[in-house]
Amino acid sequence: MGILDFLKRKPEPTATVARERLRIIVAQERSTRGAPDYLPMMRNELLEVIKKYVHVDIEAININLERDSGHEILELSVTLPDGKSAGKAGSEAKTG
Amino acid sequence: MTAEIIVVTSGKGGVGKTTTSASLATGLAMAGKKVAVIDFDVGLRNLDLIMGCERRVVYDFINVVHGEATLKQSLIKDKRHDNLYVLAASQTRDKDALTQEGVEKVLDGLSEDGFDYVVCDSPAGIEKGAHLAMYFADHAVVVVNPEVSSVRDSDRILGLLASKTRRAERGEGAITQHLLLTRYNPARVAIGEMLSVKDVEEILGINVVGVIPESENVLTASNNGIPVIVDANSLAGQAYSDTVARILGEERPLRFIDVPKKGFLQRVFGG
């Protein structure tokens, strides 16, 4: 039993899981902090439009609002899936 | 001379704001400063219990705001420290009783009375009471537990502190932010069951001003109505003393963040 325990791969410590989850959520919430309330809704609508052409997940869309002196930059980035599936989704959209 | 205003806040409830406010205020008084500690939790007064003055509350914060009592009548003098005073929250009035002008009036009054520090014990949440507690602050102590929801809420509060204070609105520079990690259990950190000091610092992007170990003495202290910092034998009390010294500008290394090494006798006889 002792030897088997030794050989078994240890599960990831829960503190590590907590740290990674927090890193992601904190970064996401910071990027939209102080942003207008319509941003999440806009993000969802943009996702619907993009989905017509490419099959992407909501997590693939990243909206970032940056403030410079005097003006704001709304940055939208979409991570497209691998070439193969993207092409397929693209062709489906064309025929549809 | 204006009083330095310190808000003790966290977003999440139950992380140790009132425990911290009581010990911080007492520690500053022990360092010779004239200190007032104010409970901003209208409707849920508790600082009086932790400070051990619950039976001496005659007038409260709202009474002063409404002009029903003077500051002098409402400030409760601490039993142990001559230069420490408590201003209790109101138990019965509605939350709208507290206004920005009212808070400003009380804080100005304390400055005029020669107070060096005013510690504002914020209610949980990000509603009006929490907003008013932080609005006039020069320094903030953000109390955080090594736990996911507390860390996330702290980040939210740090964001509010950077924008929703008088200093920020007037462009007088951001208020000083101090992160205080409480309920820390080095043994659980060592085996990967709890976020470490470094984890929390990295996620929030701010260094801790102190780490308070999880300690039975905190409950004992609140049972007795004596701030834990008064208990110089307790690790939590010593950690709070270090924290107060750091806030006053002294440099002290962090203590009680590693698992205590067992002594020779303990190793031989166990325990």
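In this convention, every chain numbers its residues from 1, walking through the sequence in written order. Throughout, the order in which chains and ligands are written sets their labels, letters from A for the former and numbers from 1 for the latter. Given that this is a predicted model, residues contribute local features only at a pLDDT of at least 70 and side-chain atom pairs are listed and counted only at 80 or more, while totals for whole chains, interfaces and linings are drawn from all residues. The side-chain figures draw on all heavy atoms in the structure; neither hydrogens nor water molecules are used.

The next thing to look at is the interface of chain B and chain A. The criterion used for residue contact is that any of the two residues' heavy atoms lie within 4.5 Å. Counting residues at the interface gives 15 residues for chain B, matched by 12 residues for chain A. Accessible area that two parts lose when put together, evaluated with a 1.4 Å probe and summed over both, is termed the buried area. Here chain B packs against chain A, burying approximately 1,200 Å² in sum over the two surfaces, 55% of which is carbon and sulfur. Contact with chain A buries area across many residues of chain B, yet Arg152, Asp155 and Ile203 of chain B alone supply 44% of it, more than any other trio. Notably, a salt bridge pairs Asp155 of chain B with Arg30 of chain A, separated by 2.6 Å at the nearest N-O pair. Here a polar contact means two N or O atoms within 3.5 Å. Within protein one must be a hydrogen donor candidate and the other an acceptor candidate, and residues neighboring in sequence count only if both atoms are side-chain atoms. At the boundary of chain B with chain A, the tally comes to 8 residue pairs in polar contact (both at pLDDT 80 or more). Each helix is a run of H or I in the DSSP string that is no shorter than four residues. Each strand is a run of E no shorter than two, and both are numbered from the N terminus. Among the secondary structure elements, those contributing two or more residues to the side of chain B that touches chain A are helix H7 (148-163) and helix H10 (197-204) of chain B. Examining the composition of the side of chain B that touches chain A, we find that 6 residues originate from one element, H7 of chain B, more than from any other. Under the convention adopted here, Pro, Cys and the residues Ala, Val, Leu, Ile, Met, Phe, Trp and Tyr are nonpolar, Asp, Glu, Lys and Arg are charged, and Gly plus all remaining residues are polar. Classifying every residue of the side of chain B that touches chain A gives 6 nonpolar, 3 polar and 6 charged. Salt bridge criterion: a side-chain nitrogen from Lys or Arg within 4 Å of a carboxyl oxygen from Asp or Glu.

This part takes up the packing of aromatic side chains. Residue and element names in this part refer to chain B. Here the aromatic set is Phe, Tyr and Trp, taking the six-membered ring for Trp, and pairing holds for ring centres within 6.5 Å; pairs whose planes are under 30 degrees apart are stacked, those over 60 apart are edge-to-face, and all others are tilted. Here the structure, examined in full by the defined rule, presents 3 aromatic pairs over all chains. Ring geometry for Tyr85 and Phe115: centres 5.6 Å apart, planes at 80°, overall edge-to-face. You can see Tyr85 sitting in strand S4 (residues 84-87) and its partner Phe115 sitting in the loop between helix H5 (100-112) and strand S5 (117-121), a full 30 residues away along the chain. Each member of the pair Tyr85 and Phe115 is classed as buried. Summarising the aromatic geometry, the rings of Tyr135 and Phe136 are spaced 4.9 Å apart at their centres and angled 90° between planes, so their arrangement reads as edge-to-face. Each residue's exposure class comes from its accessible area (1.4 Å probe, protein chains only) as a fraction of the maximum for that residue type: buried when under 20%, exposed when over 50%, partly exposed otherwise. Looking at Phe136, the relative accessible area reads 6%, which means it is buried.

Once that is clear, we can look at the environment of Val7 of chain B. All names here are of chain B. Here Val7 shows up in strand S1 (residues 4-9). Linking Val7 and Arg252, residues 245 residues apart in sequence, is a C-alpha distance of 22 Å. Excluding anything up to four places from it in sequence, Val7 contacts Cys120, Ser122, Ala133, Met134, Ala137, His139, Ala140, Val141 and Leu161.

So, on to the environment of Val189 of chain B. Note on placement: Val189 of chain B falls in helix H9 (residues 186-190). Between the alpha carbons of Val189 of chain B and Pro146 of chain B there is a distance of 9.3 Å; along the sequence they are 43 residues apart.

Our next topic: the sheet that holds S4 of chain B. Residues and elements named next belong to chain B. Any two strands between which DSSP finds at least two bridges are classified as paired. Read across the sheet, 8 strands follow the order S3-S4-S2-S5-S1-S6-S7-S8 without closing on themselves; strand pairing throughout is mixed. The sheet is open, and its two borders are formed by strand S3 (76-77) and strand S8 (208-213), each paired with just one other strand. With 6 bridges joining them, strand S6 (residues 139-144) and strand S7 (residues 176-184) adopt parallel strand pairing. Paired with His139 across the bridge in S7 is Thr176. Only C-alpha atoms enter the line fits that serve as axes; for helices the fit covers just the stretch in contact. Angles between N-to-C directions range over 0 to 180 degrees. Along the sheet face, H7 touches S1, S6 and S7 and points at about 170° away from the line of S6.

All names here are of chain B. Across the 5 residues that make up S5, a large majority, 5, are buried. In S5, alternate side chains face the same way, and those of Tyr117, Val119 and Asp121 on one face and Val118 and Cys120 on the other are all buried. Where S1 lies against S5, 5 bridges are found, and the strand directions are parallel. Bridge pairing in S5 places Glu4 opposite Tyr117. As judged from the 5 bridges shared by strand S2 (residues 35-39) and S5, these two strands associate in the parallel manner. The partner of Val37 across the bridge, within S5, is Val119.

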